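# Report on the structure
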Amino acid sequence: MNDTDYIPIAALNQYAYCPHRCWRMFCAAEFIDNQYTIEGTSLHDRVHTTGEGHREETWQIRAIWLKSERYQLIGKSDLIESESGQLYPVEYKRGRKGEWDNDELQVCAQALCLEEMTGQIIPQGFIYYAHSHQRQLVEISDALREDAIATIQSITTLFQTGIIPPAIYSKRCKGCSLYSQCLPQLAEKVRRYQEC
Ligand code: SF4
């Protein structure tokens, strides 16, 4: 990684889910689909049709690129809306709200980019969950901003050093498309054996 490289906004989501997965995807360029990732890709293919319009009083624009020089972030938004002049990002996700806060970090990163691009403070965003057809409000609080910035710093270090974070078996591994590549339980056994 050098000064002209940018961190994909989606990497925040992956890093918060599992740093080892983030390394595999963005440093080792490994990716394998499973049912969840195929559904997610197909949802984003549908929403990533560039276009602008109105839904009642709300102005909407889809699939525009967001960028921050300050945080060296880049990524394509699903949807940006504006109500009474206030902009906010809407991130589309398959399924229902998960147990993890990685989706909120991704919305916060989009808000940081929007703030830099427009000069407007972005106090909130939304996650639209396709399975439940519901929007979840994401408050872009100071705590969430700090989390997002700390995650960006961790990813910058990961990209600069390329040091592989350990594969640690957890509940998250169950739905991970990289499970068969990673074999975290086996990796853990080997690690424990080497420590003996
Ligand atoms: S299987 Fe588990 S440890 Fe391995 S990349 Fe996926 S979430 Fe991370």
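Above: the structure in question.
Residues numbered from 1 in each chain as written. Predicted model: local features only at pLDDT ≥ 70, side-chain atom pairs only at ≥ 80, totals over all residues.

### Notes on the site of the ligand
Under the convention used in this document: For each residue, a C-beta position is placed from the backbone atoms; the residue is near a molecule or strand when that point lies within 6 Å of it. Strands are runs of DSSP state E lasting at least 2 residues, helices are runs of H or I lasting at least 4, and numbering of each runs from the N terminus. Any residue that is not Ala, Val, Leu, Ile, Met, Phe, Trp, Tyr, Cys, Pro, Asp, Glu, Lys or Arg is counted as polar, Gly included; the first ten are nonpolar and the last four charged.
As a matter of local geometry, the ligand sits amid Cys18, His20, Arg21, Ala167, Ile168, Arg172, Cys173, Cys176, Leu178, Tyr179, Cys182 and Pro184. Mapped by element, the contributors of at least two residues to the shell around the ligand are helix H2 (19–26) and helix H6 (179–182). Tallied by class, residues from the shell around the ligand come to 9 nonpolar, 1 polar and 2 charged.

### Structural notes on the nonpolar core
Worth spelling out the cut-off: Take the buried Ala, Val, Leu, Ile, Met, Phe, Trp, Tyr and Cys residues, join any whose C-beta atoms are within 7 Å, and the set you get is a nonpolar core. Neighbour counting defines burial: a residue surrounded by 20 or more other C-beta atoms within 10 Å of its own C-beta is buried, one with 12 or fewer is exposed, and intermediate counts give partly exposed, using backbone-placed C-beta atoms. Note on contacts: each residue gets a C-beta atom placed from the backbone, and two residues are in contact if those atoms are within 7 Å.
One finds Leu12, Cys22, Cys108, Ala109 and Ile155 to be the most contacted residues of the largest nonpolar core, which totals 33 residues. Looking at this core, the elements that each hand over two or more residues are helix H1 (9–17), H2, helix H4 (102–118) and helix H5 (142–161). Counting residues per element, this core draws most heavily on H4, which supplies 8 residues. For alanine 109, the contacting residues outside a window of four places in its chain are Ile9, Leu12, Leu73 and Ala148.

### Remarks on the pairing of strand E7 (residues 86–93)
Heads up, the rule is: Should DSSP find at least two bridges between two strands, the strands are taken to pair.
Across 5 bridges, the pairing between strand E6 (residues 79–83) and E7 is antiparallel. Directly across from leucine 79, in E7, lies its bridge partner valine 90. Taking the residues between adjacent antiparallel strands as the criterion, E6 and E7 are bridged by 2 residues, where serine 84 takes a positive phi near 50 degrees. As defined by bridge partners, E7 adjoins strand E8 (residues 124–129) across 4 bridges and the pair is classed as parallel. Bridge pairing in E8 links glutamate 91 to isoleucine 127.

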